[in-house]
Amino acid sequence: MDAAVVYCSQTGSAKTYASWMAEELGCTPEPLDNIETVAANAELVVFVSWFHAASLKGAKRFQAYMAEHPEKRYAVVAVGATPMPCDLWPASEHEEAFRRSFPADQYADLPWVYCRGGFHFERLGTMDKMAMRIYFKMLEGEIKRGNKREQISLDGMRKGFDGCNRAYLEPLLEQLGVRR
Ligand SMILES: Cc1cc2nc3c(=O)[nH]c(=O)nc-3n(C[C@H](O)[C@H](O)[C@H](O)COP(=O)(O)O)c2cc1C
């Protein structure tokens, strides 16, 4: 199968997943800006991007490409700092966040997977550093009210972490028929 992998990444996590995905599919990952050239002959185009305030960076650009090329297959890898689905972070929350960028009424059949990325404050741009400082203050308020999730989130982001794990791509690889 002729495949292409395009990505948006600021601090490297989505780029890491894009490299793993490209390795699986036998192609070279390229920034989303190069989609026109890199996906020209691809049957399958995989978009790897990160959550920025609950929406996926570059989703609109990718969707415009999808609309222009309805003959191709598509898939999405959504990367965020939120932990993988578990008791404190149910899968429904990841689904809800994903559906804000890819609503179910328009993209019901689009294969996708959530993969935990990392958090690297020092690599963020100036605006995002400012946004995160405000967000940290907000989390501190929640922690004072006894909220456990916010405590875990803030601790993780203050220290920084790399939570990328190639195994998180497996459900999508199975869905795409790369694993048999
Ligand atoms: C301003 C800002 C907003 C973010 N919003 C979310 C979010 O809504 N949900 C989430 O899971 N992660 C969120 N994150 C975390 C990033 O998605 C996470 O760090 C991701 O791994 C970054 O990908 P990258 O390393 O490819 O840039 C946010 C990060 C920043 C800087």
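The name an unreviewed UniProt entry gives the protein is Flavodoxin domain-containing protein, with [Collinsella] massiliensis as the organism.

Colleague: Hey, could you go over the packing of aromatic side chains for me, with residue numbers and the actual values?
Modeller: Aromatic ring pairs: the centre-centre distance and the angle between the two ring planes describe each pair. Tallied over the full model, the rule gives ten aromatic pairs. Summarising the aromatic geometry, the rings of Phe98 and Phe102 are spaced 5.1 Å apart at their centres and angled 15° between planes, so their arrangement reads as stacked. Phe98 sits in the buried class, given a relative accessible area of 0%.

Colleague: Now, about the domain arrangement of the protein: what can you tell me, with residues and values included?
Modeller: Looking at the assigned domains, one finds that the protein contains domain 1 (3-120 + 162-175) and domain 2 (121-159). Using C-alpha coordinates to define each centre, domain 1 is positioned 24 Å away from domain 2. In this assembly, ten residues from domain 1 lie in contact with twelve residues from domain 2. A combined buried area of about 1,100 Å² lies between domain 1 and domain 2, and 57% of that area is made up of carbon and sulfur atoms. Inspection of the region where domain 1 meets domain 2 yields one salt bridge. The salt bridge involving Glu93 is made with Arg149; its shortest N-O contact spans 3.0 Å. The tally of links from domain 1 across to domain 2 stands at eight residue pairs in polar contact (both at pLDDT 80 or more). Residues of the side of domain 1 that touches domain 2, tallied by class, amount to five nonpolar, four polar and one charged.

Each value, and the rule that gives it
- Residues numbered from 1 in each chain as written.
- Predicted model: local features only at pLDDT ≥ 70, side-chain atom pairs only at ≥ 80, totals over all residues.
- Heavy atoms only, no water.
- Phe/Tyr/Trp six-rings, centres within 6.5 Å; stacked < 30°, edge-to-face > 60°.
- Buried < 20%, exposed > 50% of the residue type's maximum accessible area, 1.4 Å probe, protein only.
- Domains from an automatic or database assignment.
- Contact = heavy atoms within 4.5 Å.
- Buried area = accessible area lost by both parts, 1.4 Å probe.
- Salt bridge = Lys/Arg side-chain N within 4 Å of Asp/Glu carboxyl O.
- Polar contact = N/O pair within 3.5 Å; in protein donor to acceptor, adjacent residues only side chain to side chain.
- Nonpolar A, V, L, I, M, F, W, Y, C, P; charged D, E, K, R; others polar.

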